[in-house]
Amino acid sequence: MDVGNSSYLSAAAFLQAKPLSLHLHHLTQHLYDQIRHNSDQLKITVDQLKQILKSELAKFDVSPIVDQLDVDSAEDSNQSTTNTSADSITLSELSELFLKSRINRGFEAKTIKDYQDSNKLLLEAFGEIPIDSLKHQHGRDYIDILRQLPSNRTKKYPGKSIKELVQMKNADLISQRTITKHVERVSALFNWAIKQGYTNQNVFRGKLESIRKTIVVEKHFTKQELDLVLGDA
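Reference entry: report on the structure contained in this document. (Residues numbered from 1 in each chain as written. Predicted model: local features only at pLDDT ≥ 70, side-chain atom pairs only at ≥ 80, totals over all residues. Heavy atoms only, no water.)

## Remarks on the overall build of the protein
Then comes step 1: Each helix and strand counted, the protein has 10 helices and 0 strands in total.
Then comes step 2: N-terminal to C-terminal, the α/β element order of the protein is α-α-α-α-α-α-α-α-α-α.
Then comes step 3: With 233 residues in all, the protein has 24% of them scored as buried. (Helix = DSSP H or I, 4+ residues; strand = E, 2+ residues; numbered from the N terminus. Buried < 20%, exposed > 50% of the residue type's maximum accessible area, 1.4 Å probe, protein only.)

## So, the layout of surface pockets
Then comes step 1: Space inside the largest pocket adds up to approximately 410 Å³.
Then comes step 2: Asp117, Asn152, Arg153, Thr178 and His182 are, among the 16 residues lining the largest pocket, the residues nearest its centre.
Then comes step 3: Taken together, the elements giving at least two residues each to the lining of the largest pocket come down to α5 (109–126), α7 (153–156) and α9 (176–196).
Then comes step 4: At 5 residues, the largest contribution of residues to the lining of the largest pocket is made by α9.
Then comes step 5: Taken together, the residues of the lining of the largest pocket break down into 3 nonpolar, 5 polar and 8 charged. (1 Å grid on protein atoms, 1.4 Å probe; cavity = no way out; pocket = protein on both sides within 12 Å on 5 of 7 lines; lining within 4 Å. Points joined across faces, edges and corners; volume = space filled by probe spheres on them. Nonpolar A, V, L, I, M, F, W, Y, C, P; charged D, E, K, R; others polar.)

## Considering the side chain of Ser92
Then comes step 1: Here Ser92 lies in helix α4 (residues 91–104).
Then comes step 2: Ignoring sequence-local partners within four residues, the contact set of Ser92 consists of Leu123 and Glu128. (Contact = heavy atoms within 4.5 Å.)

## A look at unusual backbone geometry
Then comes step 1: Positive phi values are uncommon outside glycine, yet Asn152 reaches one of about 50 degrees.
Then comes step 2: As for its position among the elements, Asn152 is in the loop between α6 (136–147) and α7.

## Quick notes on the packing of aromatic side chains
Then comes step 1: This structure, assessed with the given rule, holds 6 aromatic pairs.
Then comes step 2: Between Trp192 and Tyr198 the ring centres are 5.8 Å apart and the planes differ by 40 degrees, which places this aromatic pair in the tilted class.
Then comes step 3: Given the relative accessible area of 12%, Trp192 is considered buried.
Then comes step 4: Judged by relative accessible area, which is 26%, Tyr198 ranks as partly exposed.
Then comes step 5: Feature note: the residues Phe98, Tyr115, Trp192 and Tyr198 constitute an aromatic cluster, connected by ring pairs. (Phe/Tyr/Trp six-rings, centres within 6.5 Å; stacked < 30°, edge-to-face > 60°.)

## With respect to the environment of Val166
Then comes step 1: Relative to the elements of secondary structure, Val166 occurs in helix α8 (residues 162–166).
Then comes step 2: Residues Val166 and Gln148 lie 18 residues apart in sequence; the distance between their C-alpha atoms is 5.1 Å.
Then comes step 3: Other than its neighbours up to four places away in sequence, Val166 contacts Ile145, Gln148 and Leu149.

## Observations regarding the side chain of Thr90
Then comes step 1: Here Thr90 is to be found in the loop between α3 (63–87) and α4.
Then comes step 2: Given the relative accessible area of 16%, Thr90 is considered buried.
Then comes step 3: A polar contact of 3.3 Å, which involves the side chain of Thr90, links it to the side chain of Glu128.
Then comes step 4: Beyond its immediate sequence surroundings of up to four residues, Thr90 is in contact with Glu128, Ile129, Pro130 and Ile131. (Polar contact = N/O pair within 3.5 Å; in protein donor to acceptor, adjacent residues only side chain to side chain.)

## Overview of the packing of α5 against α6
Then comes step 1: Contact geometry of α5 with α6 gives a least axis separation of 11 Å together with a crossing angle of 110 degrees. Here α5 lies roughly perpendicular to α6, going by the angle between them. Facing α5, whose interface residues are Ser118, Leu121, Leu122, Ala125 and Phe126, α6 presents His138, Asp141, Tyr142, Ile145 and Leu146. (Axes fitted to C-alpha atoms, helices over the stretch in contact; angles between N-to-C directions. Parallel < 35°, antiparallel > 145°, perpendicular 65-115°, else oblique.)

## Looking at α4
Then comes step 1: Along its 14 residues, α4 runs 20 Å from first to last C-alpha, staying within 8% of the 20 Å computed at 1.5 Å per residue.
Then comes step 2: Lining the buried residues of α4 we find α5 and α9. (Expected span 1.5 Å × (residues − 1).)

## Quick word on α5
Then comes step 1: Spanning 18 residues, α5 covers 26 Å between terminal C-alpha atoms, matching the ideal 26 Å at 1.5 Å per step.
Then comes step 2: Along α5, the residues that are buried comprise Ile112, Asp114, Tyr115, Ser118, Asn119, Leu121, Leu122 and Phe126.
Then comes step 3: Packing partners of the buried residues in α5 comprise α4, α6, α7, α8 and α9.
Then comes step 4: Positioned one or two residues after α5, Gly127 has a phi angle of 80 degrees, which is positive.

## Remarks on the pattern of salt bridges
Then comes step 1: Applying the stated criterion across every chain, the model contains 4 salt bridges.
Then comes step 2: The closest approach of N and O atoms between Asp114 and Lys110, which form a salt bridge, is 3.1 Å. Taken as a pair, Asp114 and Lys110 lie in helix α5 at a separation of 4 residues, close to a single helical turn.
Then comes step 3: A relative accessible area of 59% places Lys110 in the exposed class.
Then comes step 4: Residue Arg153 is joined to Glu124 by a salt bridge in which the shortest nitrogen-to-oxygen separation is 4.0 Å. (Salt bridge = Lys/Arg side-chain N within 4 Å of Asp/Glu carboxyl O.)

Next up, the structure:
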């Protein structure tokens, strides 16, 4: 049983306990009064008393309480969803606000265009979704998409979707440097969003791991060095 169901059952049991205990109290009091005032005529054993109480428990209807609990739970869930949707802005809205901020700060036109390209690619990848719905898996998926993306996609393959592009075979892919630039720009976008209070996490930060490069050092021997190594051979 998960925590949510456990909490639900605990709440239901709590709501049922009070009316049930009152019902049993009144019933027990009624039986006690009957036995006390009619002790000569009314003979009842302890087992019979238990059976009477057990029968009353079986007849006690708690469904209205549970139904009300279901209604309250649904209302709370709907309210939570409504609040999340109302407070969260979409990817395109965030992009527009960010670009406006860059323009107001006097960024160069080329830099603005680079941010526009990266933001557009992000929108093509995930669509128009609330930024608070983004999870860390989105960050990992974004890296995978970039690594399978053909270079110069808008010029070479106009009209093709991201899904179609990443499924292409034998296409020249974008360079590691271009991948890094896209990730840096998107990460800058969400760092800005955090500072502005639009979200509380950057799911793209740290997802692109650096690639280790093997440095090859070429050594050119002089004639004297070759003679020293090879001798008279």
